[in-house]
Amino acid sequence: MRLLLVADLHYSLPQFDWVLDIASDFDVVVLAGDHLDLASLVDGRAQSIVVRKYFDRLRAKTKLVTCSGNHDLDGKNPAGEKAAK
Ligand SMILES: [Zn+2]
C-alpha cells in the first residue's frame, strides 16, 4: 500500500495542486490538518469552500482521510472546546 501524508498546507493552493496532481499514485492520501490560513486576507469561510472542493477532487482520485488541525479551529463547541465550524 502506498500512502501519502501531508499536513500544514495552510491554504497554499500550489501545494494543494501538487497533492492533487500526484494523488492517483497513492492508495490513500492523508491531509492531517491545518488546511486553512486564518491570518490570510481571504475569508476563512471562502477558504473552507475552496479546500472542500480540493477534498472532493481528491476523493475522485483516491481514498482520502482528513482531519482538522489546531489552525482550522474557528469556534467553540457546546462543551467550550475549540472546534472547526
Ligand atoms: Zn500548521
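### Re the coordination of the zinc ion
Within the first shell, the zinc ion binds the protein through Asp-8 (OD), His-10 (NE2) and Asp-34 (OD), at distances of 1.9 to 2.1 Å. In primary sequence terms, the donor set of the zinc ion follows D-x1-H-x23-D. A residue pair is termed long-range when its members are at least 10 positions apart, and Asp-8 in the loop between strand S1 (3–6) and helix H1 (13–22) and Asp-34 in the loop between strand S2 (28–32) and helix H2 (44–59) qualify at 26 residues. Of the residues examined, Asp-8 reaches a relative accessible area of 44% and is grouped as partly exposed.

### Topic: the sheet that holds strand S3 (residues 63–67)
Read across the sheet, three strands follow the order S1-S2-S3 without closing on themselves; strand pairing throughout is parallel. With partners counted over all chains shown, the strands left at the sheet margins are S1 and S3, one partner each. In this sheet, neighbouring strand axes are inclined to one another by 15° on average, regardless of whether the strands run parallel or antiparallel. Bridge analysis of S1 against S2 gives four bridges, and the strand direction is parallel. Bridged to Leu-5 within S2 is Val-30. Most of the contacts of H1 go to S1, to which it runs at about 175°, and overall it touches S1 and S2. Its contacts with the sheet place H2 against S2 and S3, and it is angled at close to 150° to S3.

### Some thoughts on the side chain of Asp-34
The buried charged residue Asp-34 lacks any salt bridge, with Lys-82 as its nearest oppositely charged partner at 9.7 Å. Sequence-distant contacts of Asp-34, that is, excluding residues within four places in its chain, are made with Asp-8, Leu-9, His-10, Ser-68, Gly-69, Asn-70, His-71 and Asp-72.

Parameters at a glance
- Residues numbered from 1 in each chain as written.
- Predicted model: local features only at pLDDT ≥ 70, side-chain atom pairs only at ≥ 80, totals over all residues.
- Heavy atoms only, no water.
- Donors = N, O, S within 2.8 Å, 3.2 Å for Na, K, Ca; no water.
- Helix = DSSP H or I, 4+ residues; strand = E, 2+ residues; numbered from the N terminus.
- Buried < 20%, exposed > 50% of the residue type's maximum accessible area, 1.4 Å probe, protein only.
- Pairing = 2+ DSSP bridges.
- Axes fitted to C-alpha atoms, helices over the stretch in contact; angles between N-to-C directions.
- Contact = heavy atoms within 4.5 Å.
- Lys, Arg positive; Asp, Glu negative; His and termini not counted.
- Salt bridge = Lys/Arg side-chain N within 4 Å of Asp/Glu carboxyl O.

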